[in-house]
Amino acid sequence: MQIASHDSGNATHPFTAKRLSDALAAEIEGVDLSQPIDGTMKEAIYDALLQHHVLVFRDQALTREQQGIFATNYGELEGHVGRLRNGERYPVINDITNIQPDGKKVPELVNRGPNHWHTDKSYHEIPSAITMLHGKQVPSKGGETLFANMRLAYEALPPQTKARVDDLKVVHSWEANRKNVGETPATEDQKRERPPVTHPLIRTHPDTGTKALYIGTHIDKIVDMSRADSDALVEELMEHSIQPQFRYDHAWRQGDLVMWDNRSLMHRGNTNYDMANESRVLQRTVIIGTKPF
Ligand SMILES: [Fe+2]
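> Help me out: how do you make sense of the overall build of the chain in this one?
Scanning the chain from terminus to terminus reveals seven helices and 15 strands. Its C-alpha radius of gyration of 19 Å places the chain within 12% of the 19 Å reference for a compact globule of 293 residues. The C-alpha extent of the chain, read off along each of the three principal axes, is 55 × 50 × 35 Å. Taken over 293 residues, the chain has a buried fraction of 37%. Put simply, of all contacts in the chain between residues at least 6 apart along the chain, 79% involve residues at least 24 apart.

What follows is the structure, given as C-alpha cells:
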C-alpha cells in the first residue's frame, strides 16, 4: 500500500484527506480497499469519518466479498428490509440499481424512499451507523447522492429554537415513510413487522458526544404535539437543514466507494438522470449502529 502524507491537519493518518466542501466530506487518497487493512488504518479511517462525516475513496474495484470484508471492520452488517418478488430478503450486500433482473432499465422511482431526505433505518430501534455505496455503474450526468451535515444544522439553530427542540421525542416509522414519499401504503403484515419507534429529535453522537438533528422522511410525528404543529416544526427543521452551507452533493465516478456516518447526516439520491438509458448501480453495505440517545 502506498503511504502518503496527510493534509487535513492530522499527521497520524496513513493517507491523504482532501476536504470536498466546507460543510463535510473528504476524498481519501492512498488506500486500496480491496486489500485487508491493519488496525492503524482501520482506526485512521474511522477517525477521518468522525471528522468529515463522508469519505470518498476513488478508483476502487471491489467485489461484494471485498466490500463486505472492509465494511465489517466497523461493525456488524445490517440486513435489507425489502423483499424480492419470491418473498425472500434481499441479500445483505445488495445493489441500489435501476436495472431489473431481466436487464431492462426502470425508473428508480419505483422505490421513492431513498430519493427523499432521510437517515438510514431511523424507523428501527437500532438504526444504521455507517452506509457504504460503491459505484459499479454510474450515469454520465446526475444521479448524485446528496448529504446534509446535521451537526452543523443543529449548531446553527437560533438559541430559542434549540431550547424548544432539545428535549423533544419523535416517532419514526416505516409506515409513515411510505405515506410521506407517496408509496403504496404499508400492509398490516409490514406494519406488524416494523412497528413505530421513538427517538430523540436531537441525538448525541456515541463517539464524539456532539449533538445533531435527527430527522427525515421516516418521521411520523413529534410526541406530545398536535399533528399540525409537528408537521410545521419538522418542515421548518428540514428546510433549515438542507441549506447549501450544510451540504455536500456527491457526483459519482465509477469506482467510488463512499462511506458515511448516518448519526450526523441526512442524505438522499437524486433522480435527475436519464433512467431509461443510463445505469446507476451502487453496491451497498450497511453497518448496524446503537440506540440513539
Ligand atoms: Fe439511504
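> Explain the pairing of strand β7 (residues 169–172) to me, please; I cannot follow it from the model alone.
On a regular strand, one side chain projects to one face of the sheet and the next to the other, so that they alternate. The side-chain alternation of β7 yields one buried face, formed by V170 and H172, and one unburied face, formed by K169 and V171. Relative to strand β11 (residues 219–222), β7 is paired through three bridges, and the arrangement is antiparallel. By the bridge assignment, V171 is partnered in β11 with K221.

> Help me out: how do you make sense of the confidence of the model for the chain in this one?
Low pLDDT means the predicted coordinates in that region are not meant to be read closely. Mean pLDDT for the chain: 92, with 92% of residues reaching 70 or above. The low-confidence segment residues 1–9, where pLDDT is below 50, has 22 contacts with residues more than four positions distant or belonging to other chains.

> Explain the sheet that holds strand β3 (residues 54–57) here, please?
Paired through backbone hydrogen bonds, the strands of a sheet run either parallel or antiparallel to each other. One open sheet accounts for seven strands, arranged β1-β2-β3-β13-β5-β15-β4; its pairing is mixed. The sheet is open, and its two edges are formed by β1 (16–19) and β4 (94–97), each paired on a single side. Adjacent strand axes in the sheet meet at a mean angle of 25°, parallel and antiparallel pairs treated alike. Taken together, the four bridges between β1 and strand β2 (residues 26–29) define a ladder with antiparallel strand orientation. Within β2, the residue paired with R19 across the bridge is A26. Lying on the sheet, helix α1 (residues 39–52) is in contact with β1, β2, β3 and β13 (257–261); it crosses β3 at an angle near 125°. Helix α2 (residues 64–71) contacts β5 (128–137) and β15 (281–288) of the sheet and is inclined by roughly 30° relative to β15.

> What is the right way to read α2 from this model?
Helical geometry: 3.6 residues make up each α-helical turn, so side chains three or four residues apart lie on a common side. Inspection of α2 places Q67, F70 and A71 among the buried residues, and these make up the whole buried set. Taken around the axis of α2, the buried residues stretch over an arc of 100°, which confines them to a single face.

> What is the right way to look at the sheet that holds strand β14 (residues 265–269) in this model?
Across the sheet, three strands lie side by side as β12-β6-β14; this open sheet has antiparallel pairing. In this open sheet, the two edge strands, each paired with only one partner strand, are β12 (247–250) and β14. For this sheet the average axis-to-axis angle between neighbouring strands, irrespective of direction, equals 15°. Pairing between strand β6 (residues 145–149) and β12: four bridges, direction antiparallel. Following the sheet pairing, T145 is matched in β12 by H250.

> I keep staring at the pairing of β5 and nothing clicks. Help me out?
Most of β5 sits inside the fold, with eight of its ten residues counted as buried. Pairing geometry for β5 and β15, over eight bridges, is antiparallel. Across the sheet, I130 pairs through a bridge with I287, a residue of β15. Where β5 meets β13, five bridges bridge the pair, whose relative direction is antiparallel. The partner of T131 across the bridge, within β13, is W260.

About the criteria used
Residues numbered from 1 in each chain as written. Predicted model: local features only at pLDDT ≥ 70, side-chain atom pairs only at ≥ 80, totals over all residues. Helix = DSSP H or I, 4+ residues; strand = E, 2+ residues; numbered from the N terminus. Rg over C-alpha atoms; globule rule 2.2 N^0.38 Å. Buried ≥ 20, exposed ≤ 12 C-beta atoms within 10 Å, placed from the backbone. Contact = placed C-beta atoms within 7 Å. Pairing = 2+ DSSP bridges. pLDDT = per-residue confidence, 0-100. Axes fitted to C-alpha atoms, helices over the stretch in contact; angles between N-to-C directions. Arc of directions from axis to C-beta.

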